[in-house]
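What the coordinates show
For reference, the chains in residue letters:
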Amino acid sequence: MPTPVTISLDAMGGDHGPSVIVPGIRSYLSAHDGEGVRFLLHGDETQIRAHLTRCDLPADIIDIRHTEKVVAMDEKPAQAMRRGKGSSLWNAIESVKTGEAGGVVSAGNTGALMAIAKLILRMSAPGLERPAIVASWPTFKGHTAVLDVGANIGSDAEQLVEFAIMGEAFQAAVRGVARPSIGLLNVGSEDMKGNEQVKEAHAILRDGPFDLNYHGFVEGDDIAKGTVDVVVTDGFTGNIALKTAEGTARYISALLKEALTSNLQSKLGAAIAMPALKKMRQKIDPSTINGGPLLGLNGIVVKSHGGADAKGFGNAIRIAVDLARSDYMSKVGDNLGKLDAVFDHAKAAAPVGDTVQ
């Protein structure tokens, strides 16, 4: 029997609120084994019940927690922290802290989600400053976990190693990779290339006491190749890479559509190639990779895209369930403890007056 788990949902979050969140539950149950999974829905009870009726979901797996208060999609994180208590977003996260839920999913305001989640759940280790957002990147071999993709603009060597530890545990829990390989994004594969933070992180991952399958440096084109299972970088570089890839995909998609509909001969060719085109579309379908966990928090928090459809939100639920049922938290805690020991040893060995960055 699957381990029972309860997932808390911010039913009012995102561009569409319960009109997508509730069908998202149905999509999850249809596509995945939902046995043993229950849901806490936080938001306006009248709206939620109307959509529950339309979706014909089992009443025994749904628990509604009414609130009329909502954090707006454009609300500043500082304002959300001051005024957000009692909102659907706040209450959904708090249910994880109290132990009512094993994880939370929200399509709401990213900045507010991160700020409130950090305030309520705290970080999972004393040295962690901010969560890291991980993206599941489609590759020739499946999906590569890339982090950070926007939560931390600049990252020192210790943070990059933290990302490697969290990304490895995530890929094992969600993608079922037995021993995920890890690469550090750099401008070249040679040891002498890169800035000091990247080179220091490389040395720690290569020589440290972690039971990690560290590959070494990887370059930008290695992400889509699937050279490694986890690609580690700072949020500034990761976010630019992600947005560049998204823009390139849209550009190629538009060119392909234009080419296949330009004349009758092209349309006939498109009809013949339709099975292959559908397979390609499924491979790069955003809904299959929707759901970016905020790694490093003392609890499971998954961010869904604000404009996700029901299928996409259902996939975000799947990620939350997989993480909640895994040993992700304990595995991360063990290796972060080893990382603390590495830096404590380095500080003790440093000459008086020197500091370890």
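Bear in mind the structure is a predicted one, so any value in this text is a computation, not a measurement.

Side note on the overall build of the chain
Tallying secondary structure elements over the chain gives 13 helices and eleven strands in all. Computed over C-alpha atoms, the radius of gyration of the chain comes to 21 Å, within 12% of the 21 Å expected from 2.2 N^0.38 for 357 residues, which places it in the range of a compact globule. Over its C-alpha atoms, taken along the principal directions, the chain stretches across nearly 70 × 60 × 45 Å. Put simply, the chain has 357 residues, and 48% of those count as buried. Sequence-distant contacts in the chain: of pairs separated by 6 or more residues, those separated by 24 or more amount to 71%. If you sum the accessible surface of the chain, you get close to 17,100 Å²; carbon and sulfur atoms cover 54% of it. Here the chain contributes 36 positive and 41 negative side-chain charges, whose respective centroids are spaced 6 Å apart.

Some words on the pairing of strand E1 (residues 5–10)
The element E1 is extensively covered by neighbouring structure, given that six of its six residues are classed as buried. Residue alternation in E1 divides its side chains into two sets, Val-5, Ile-7 and Leu-9 and Thr-6, Ser-8 and Asp-10, and both sets are buried. Direction of pairing for E1 relative to strand E2 (residues 37–43): parallel, over a ladder of six bridges. Residue Ser-8 lies in a different strand from E2, and its bridge partner there is Leu-40. Two strands pair when backbone bridges link them, and E1 and strand E4 (residues 103–106) are joined in this way by three bridges, in the parallel orientation. Along E4, the bridge assignment pairs Leu-9 with Val-105.

Things to note about the side chain of Lys-303
Locating Lys-303 in the fold gives a position in strand E11 (residues 301–303). No salt bridge is formed by the buried Lys-303. Its closest oppositely charged neighbour is Asp-15, at 8.1 Å. In this structure the side chain of Lys-303 is engaged in a polar contact, spanning 3.2 Å, whose partner is the backbone oxygen of Gly-108. Among residues more than four places away in sequence, those in contact with Lys-303 are Ser-106, Ala-107, Gly-108, Asn-109, Thr-110, Leu-113, Gly-291, Gly-292 and Leu-294.

Topic: the pattern of salt bridges
A complete count under the given rule lists eleven salt bridges for this structure. Close ionic contact of Asp-63 with Arg-65 constitutes a salt bridge, the shortest N to O distance being 3.0 Å. Measuring nitrogen to oxygen at the nearest pair gives 3.8 Å for the salt bridge that ties Asp-191 to Arg-206. Residue Asp-191 is located in the loop between strand E7 (181–185) and helix H7 (196–207), and its partner Arg-206 is located in helix H7; the two are separated by 15 residues in the primary sequence. Given a relative accessible area of 44%, Arg-206 falls into the partly exposed group.

A word on the confidence of the model for the chain
Averaged over all residues, the pLDDT of the chain equals 86, while 91% of them reach at least 70. Confidence drops under pLDDT 50 across residues 352–357; counting only partners more than four residues distant or on other chains, this segment forms six contacts.

Describing helix H9 (residues 235–260)
When the terminal C-alpha atoms of H9 are compared, their 37 Å separation across 26 residues agrees well with the 38 Å that a helix rising 1.5 Å per residue should span. Those residues of H9 not exposed but buried are Gly-235, Gly-238 and Leu-242. Capping the start of H9, Asp-234 holds a side-chain oxygen 3.0 Å from the backbone nitrogen of Phe-236, two or three residues further along.

Let's talk about the nonpolar core
In this structure, Ile-7, Leu-9, Phe-39, Leu-41, Ile-93, Phe-170 and Tyr-328 are the most contacted members of the largest nonpolar core, which totals 98 residues. By residue number, the principal contributor to this core is helix H6 (residues 157–175), which donates eleven residues. Those residues within four positions of Leu-9 in sequence are excluded, and the remaining contacts are Ile-21, Ile-25, Phe-39, Leu-40, Leu-41, His-42, Ala-92, Val-105, Phe-313 and Ile-317.

Quick notes on the environment of Glu-100
Positionally, Glu-100 belongs in the loop between helix H4 (88–97) and E4. C-alpha separation for the pair Glu-100 and Leu-40, spaced 60 residues apart in sequence, amounts to 8.7 Å. Setting aside chain neighbours within four positions, we find Glu-100 in contact with Thr-6, Leu-40, Arg-65 and Ser-95. One polar contact links Glu-100 to Arg-65, side chain to side chain, over a distance of 2.7 Å.

Describing the pairing of E7
Here E7 lies mainly inside the structure; five of its five residues are buried. Of the two faces of E7, the one carrying Ser-181, Gly-183 and Leu-185 and the one carrying Ile-182 and Leu-184 are both buried. Sheet analysis places E7 next to strand E8 (residues 213–218), joined by five bridges and oriented parallel. The partner of Ile-182 across the bridge, within E8, is Tyr-214. Assessed by its sense of winding, the connection that carries the chain from E7 through H7 to E8 is right-handed.

Examining helix H1 (residues 18–31)
Over its 14 residues, H1 extends 19 Å from the first C-alpha to the last, a length consistent with the 20 Å expected when each residue adds 1.5 Å. For H1, every residue scored as buried is listed here: Pro-18, Val-20, Ile-21, Val-22, Pro-23, Gly-24, Ile-25, Ser-27 and Tyr-28.

How each quantity is defined
- Residues numbered from 1 in each chain as written.
- Predicted model: local features only at pLDDT ≥ 70, side-chain atom pairs only at ≥ 80, totals over all residues.
- Heavy atoms only, no water.
- Helix = DSSP H or I, 4+ residues; strand = E, 2+ residues; numbered from the N terminus.
- Rg over C-alpha atoms; globule rule 2.2 N^0.38 Å.
- Buried < 20%, exposed > 50% of the residue type's maximum accessible area, 1.4 Å probe, protein only.
- Contact = heavy atoms within 4.5 Å.
- Areas by Shrake-Rupley, 256 points an atom, 1.4 Å probe, with all protein chains shown as cover.
- Lys, Arg positive; Asp, Glu negative; His and termini not counted.
- Charge placed at Lys NZ, Arg CZ, Asp CG, Glu CD.
- Pairing = 2+ DSSP bridges.
- Salt bridge = Lys/Arg side-chain N within 4 Å of Asp/Glu carboxyl O.
- Polar contact = N/O pair within 3.5 Å; in protein donor to acceptor, adjacent residues only side chain to side chain.
- pLDDT = per-residue confidence, 0-100.
- Expected span 1.5 Å × (residues − 1).
- Core = buried A, V, L, I, M, F, W, Y, C linked by side-chain atoms within 4.5 Å.
- Right-handed = clockwise from strand over helix to strand, strands pointing away.

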